[in-house]
Amino acid sequence: MGTLSGLKERLPGYCEHKLPTSCQLTSIPGCCACADERSHAPSYPTYIDGIGFVSQGTRWQRYCWYCCKFWENRVAITNLRPAQTRLPDRPDQKEFLTTWYEFHRGYRIVTQQDGSERRVALLGEPWNQVEPGHLPRTLDELRAGRLRNSADERQHIEIEEDTTQGPSIEETLDSLLADAENGGEDPFSHNRIAGNVMQATGPIHTDTTERERRRAHDRAIRERRTAENFRRVFGSREEVESEDYVSPINRMFERARRYRPPPPAPLHPDVEAAIRASLAMPPPEASTDPLGLDVDDTRPGPKSDEDMMVKLNCKVCYTQLADTVFLPCGHLIMCKWCSDQHCPTLEHDHTRPSKSTTCPLCRKSVKQKYNVKLA
């Protein structure tokens, strides 16, 4: 993992950690640590498989990938435990950030004995090979084979808090498994786990004053945000109490009335009189003429019984009824057996001929044939 922002320009609104951490929060000018408004706590909950939630987490564990790596590296070079950190103020990063921005600019300003200033070039390894939280190695350090910059040596920070630390989670689990192998108490019993986790995490802080102070601080932040939201929508108290104040809700309805279509224009008196006269007319009388197809003069006359008699025998064998019609000519002259002999069909489609065939009556090409159901 390298530093992504080593070659980018620092914008005026960026916080001092934005470029050194390669923070991925692009919507705000601050980094994850500067944007974190939670109250500081001695420990933060984290989940461990087989145990559950324990107070072994760090404040930066849910930051973006690069910010998390940055603060892990910066805390690792100090003697601070995660519970003793107060990001981004402690551990103090002023000296580190000053040196980092000197590498970022590419030079260092040195004051000479006569009071004049001189720029000294700083050349080192590429930024894409420098992890967040570390400084680039200079050319001399690269030639010497050093693994990191000399300024990244472990620092000792004097603190007033208790620095005693109990066993880690790994040591606690190892002791539980060792006791289980020796035939002792069930290592995963509730009482045993609670005792070991308490030993690993230390005593729980129950400072009522500190807790009340945090609650008051969070309450003040919520009230301030509520007031800011109200002021942004409705205006300040002075604007609301003024006589010429107009609520944004009223302005919304005024815009709706502005785009409402105008009422229709009144009708001309002559047009209105004509409409009233048409409405006063009696309805038309119902027609007594017969309705239906029998009154149509273009309908042909009925035929005689002799004309209605049609022979439907097959014109090939004369022993069966003609029940197969050829298309597109539409001639009904063959029975099914004769049509299969004269015009065989495809296996997957019994309506299309498998070879070129013509109608025996009109000699037109047959495209399809269908079986006719006679009633």
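Residues numbered from 1 in each chain as written. Predicted model: local features only at pLDDT ≥ 70, side-chain atom pairs only at ≥ 80, totals over all residues. Heavy atoms only, no water.

- Going by an unreviewed UniProt entry, the protein chain carries the name RING-type domain-containing protein and comes from Myriangium duriaei CBS 260.36.

**Re unusual backbone geometry**
Then comes step 1: Here the amide bond leading from Leu87 into Pro88 is cis, since omega sits at 0°, within 30 degrees of zero.
Then comes step 2: Omega for the bond connecting Arg90 with Pro91 falls within 30 degrees of zero, at 5°, which places this linkage in the cis form.
Then comes step 3: Along the polypeptide, Pro91 turns up in the loop between helix H3 (65-76) and helix H4 (94-105).
Then comes step 4: Residue Ser22 is not a glycine yet carries a positive backbone phi of 55°.
Then comes step 5: Relative to the assigned elements, Ser22 resides in the loop between helix H1 (18-21) and helix H2 (32-35). (Helix = DSSP H or I, 4+ residues; strand = E, 2+ residues; numbered from the N terminus.)

**A few points about the side chain of Asn149**
Then comes step 1: Examined against the element boundaries, Asn149 turns out to sit in the loop between helix H5 (139-144) and helix H6 (169-181).
Then comes step 2: Given the relative accessible area of 5%, Asn149 is considered buried.
Then comes step 3: At 2.6 Å, the side chain of Asn149 and the backbone oxygen of Pro136 are in polar contact.
Then comes step 4: Those residues in contact with Asn149, other than ones at most four positions away along the chain, are Phe103, Leu135, Pro136, Arg137, Thr138 and Glu141. (Buried < 20%, exposed > 50% of the residue type's maximum accessible area, 1.4 Å probe, protein only. Polar contact = N/O pair within 3.5 Å; in protein donor to acceptor, adjacent residues only side chain to side chain. Contact = heavy atoms within 4.5 Å.)

**Topic: the pattern of salt bridges**
Two side chains bearing opposite charge may form a pair once their charged atoms approach each other closely.
Then comes step 1: Under the criterion given, the structure shown has 12 salt bridges.
Then comes step 2: Linking Arg225 and Glu37 is a salt bridge whose minimum nitrogen-to-oxygen distance equals 2.2 Å. In this pair, Arg225 is assigned in helix H8 (residues 208-234) and Glu37 in the loop between H2 and strand S1 (44-48), connecting sequence segments 188 residues apart.
Then comes step 3: Overall, the relative accessible area of 41% leaves Arg225 in the partly exposed class.
Then comes step 4: The partly exposed category is assigned to Glu37, whose relative accessible area is 46%. (Salt bridge = Lys/Arg side-chain N within 4 Å of Asp/Glu carboxyl O.)

**Quick look at H3**
Then comes step 1: The terminal C-alpha atoms of H3, which comprises 12 residues, lie 17 Å apart, in line with the 16 Å expected from a rise of 1.5 Å per residue.
Then comes step 2: Taken as a whole, H3 has its buried residues at Tyr66, Cys67, Cys68, Phe70, Trp71, Asn73, Arg74 and Val75.
Then comes step 3: The secondary structure elements touched by the buried residues of H3 are H1, H2 and H4. (Expected span 1.5 Å × (residues − 1).)

**A short note on the side chain of Lys369**
Then comes step 1: Relative to the helices and strands, Lys369 resides in strand S7 (residues 368-371).
Then comes step 2: What makes Lys369 buried here is its relative accessible area of 6%.
Then comes step 3: Polar side-chain contacts of Lys369 include one of 3.0 Å to the side chain of Asp340.
Then comes step 4: Of note is the side chain of Lys369, whose polar atom sits 2.9 Å from the backbone oxygen of Cys343.
Then comes step 5: When near neighbours in sequence (up to four residues on either side) are disregarded, Lys369 contacts Thr324, Val325, Phe326, Ser339, Asp340, Cys343, Thr345, His350 and Thr351.

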